[in-house]
Amino acid sequence: MKVVVSIGGSVLAPDLDSRRVREHAAVIESLAEEGCTIGAVVGGGGVARDYIGTARELGANEIELDDIGIDVTRLNARLLIAALGERAAPSPAETYEEAGAAMHRGDVAIMGGVMPGQTTDAVSAALAEYTNADLLVYATSVPGVFSDDPNEVDDATKFDELSASELVDVIADLEMNAGSSAPVDLLAAKLIERSGVRTIVLDGTEPGRIGDAVRRGDHGGTDIIPTGADDEMNYWVTEEL
Ligand code: UTP
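All of these numbers come straight from a predicted model, not from anything done at the bench.

## Looking at the nonpolar core
Membership of the largest hydrophobic core comes to 35 residues, with the highest contact counts inside it found for Met 111, Leu 136, Tyr 138, Leu 167 and Ile 192. Setting aside anything within four residues of it in sequence, one finds Ile 192 in contact with Ala 125, Leu 136, Tyr 138, Ala 164, Leu 167, Val 184, Val 197, Thr 199 and Ile 224.

Written as structure tokens, this is what we have:
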């Protein structure tokens, strides 16, 4: 089974705690030992936002700010590489080809951002599409896809299941509301729809949840079911890892 895991910077290293990074690495390592081919894409989190905020005050333009963000995602990726040791390719992949080649030779591929104008949400979906992954998991700091930003709206409801085109509609609505943040951005949602990759959005603050989701489809987040796929959730019991 081939899996791409997207780990938000605020999920991997909210406070640069080595124990947390090690826990994420341990989950990836055990899945790899069980036979999973894995690519992980790491976000920039609060550190990226802090750098971008400071550089904006200093007059950097938007592309320069994105490049700073990309640098921070790659720094975070290096933390995960350090924890994975020889399991991972020694530096963050800078292209999908590089990541795909690492996965092909049996390494865990780790990457951050790729180019200005997007986020690692889209990089993760693109890597899943490029490598023809069976599953894409977004480990975020919210427990799934909601009708509204749960941090802003008290009665926001969580979707247990969405089709990929429903995901695009929900995210487009969320992004229309200034200030509300979506767990996955619109470009990523469109790439998920285009590629037809089965996707899970879950609360990744507890790293073990990623392993449960990959092994058994067992999670409390949102399932994104591709058009035409069997929505009887029997995928995990029938597929060999
Ligand atoms: P993130 O993917 O962490 O962005 O990349 P985000 O969605 O703002 O972070 P979360 O999910 O809320 O924690 C950090 C920044 O790096 C740049 C963007 O500026 C992004 O905001 N970036 C990242 C790119 O320009 N291109 C990429 O491919 C990836």
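## Quick word on the packing of helix H7 (residues 164-176) against helix H8 (residues 186-195)
It is the contact of H7 with H8, at a shortest axis distance of 9 Å, that shows an interaxial angle of 170°. One element, H7, and the other, H8, form an angle in the roughly antiparallel class. Where H7 approaches H8, its residues Ala 164, Ser 165, Leu 167, Val 168, Ile 171, Ala 172 and Glu 175 are matched on the opposing element by Leu 186, Ala 189, Lys 190, Ile 192 and Glu 193. Residue composition of the contact of H7 with H8, by class: eight nonpolar, one polar and three charged.

## Some points on the sheet that holds strand S1 (residues 2-7)
Taken in spatial order, the seven strands of this open sheet run S3-S2-S1-S4-S6-S7-S5, and their pairing is mixed. The open sheet terminates on both sides in strands that have one partner only, identified here as strand S3 (109-111) and strand S5 (161-163). Neighbouring strand axes in the sheet, compared pairwise and without regard to direction, differ in orientation by 15° on average. In this structure, S5 lies alongside strand S7 (residues 222-225), joined through three bridges in parallel fashion. Counterpart to Ser 163 in the pairing with S7 is Ile 225. On the sheet, helix H5 (residues 96-104) packs against S1, strand S2 (37-42) and S3 and is oriented at approximately 155° with respect to S3.

## Comments concerning the site of the ligand
Not every one of the 18 residues close to the ligand is listed here, only the nearest: Gly 44, Asp 66, Val 114, Met 115 and Thr 120. At a separation of 2.9 Å, an oxygen atom of the ligand approaches a polar backbone atom of Val 114. Measuring from an oxygen atom of the ligand, one finds a side-chain N or O atom of Thr 120 at 2.5 Å. Those elements giving two or more residues to the shell around the ligand turn out to be helix H3 (45-57), helix H4 (62-84) and helix H6 (120-131). Looking at the shell around the ligand, the element that brings in the most residues is H4, giving four residues.

## Describing the pattern of salt bridges
This structure, assessed with the given rule, holds eleven salt bridges. With its nearest N and O atoms 3.7 Å apart, the salt bridge here joins Arg 74 to Glu 94. Note that Arg 74 is positioned in helix H4 and Glu 94 in the loop between H4 and H5, a separation of 20 residues in sequence. We classify Arg 74 as buried; its relative accessible area is 17%. Looking at Glu 94, the relative accessible area reads 43%, which means it is partly exposed. The salt bridge partner of Asp 212 is Arg 216, with a shortest N-O separation of 3.1 Å. Note that Asp 212 and Arg 216 are positioned in helix H9 (residues 208-216) at a spacing of four residues, about one turn of the helix.

The rules behind each value
- Residues numbered from 1 in each chain as written.
- Predicted model: local features only at pLDDT ≥ 70, side-chain atom pairs only at ≥ 80, totals over all residues.
- Heavy atoms only, no water.
- Core = buried A, V, L, I, M, F, W, Y, C linked by side-chain atoms within 4.5 Å.
- Buried < 20%, exposed > 50% of the residue type's maximum accessible area, 1.4 Å probe, protein only.
- Contact = heavy atoms within 4.5 Å.
- Axes fitted to C-alpha atoms, helices over the stretch in contact; angles between N-to-C directions.
- Helix = DSSP H or I, 4+ residues; strand = E, 2+ residues; numbered from the N terminus.
- Parallel < 35°, antiparallel > 145°, perpendicular 65-115°, else oblique.
- Nonpolar A, V, L, I, M, F, W, Y, C, P; charged D, E, K, R; others polar.
- Pairing = 2+ DSSP bridges.
- Near = heavy atom within 4 Å.
- Polar contact = N/O pair within 3.5 Å; in protein donor to acceptor, adjacent residues only side chain to side chain.
- Salt bridge = Lys/Arg side-chain N within 4 Å of Asp/Glu carboxyl O.

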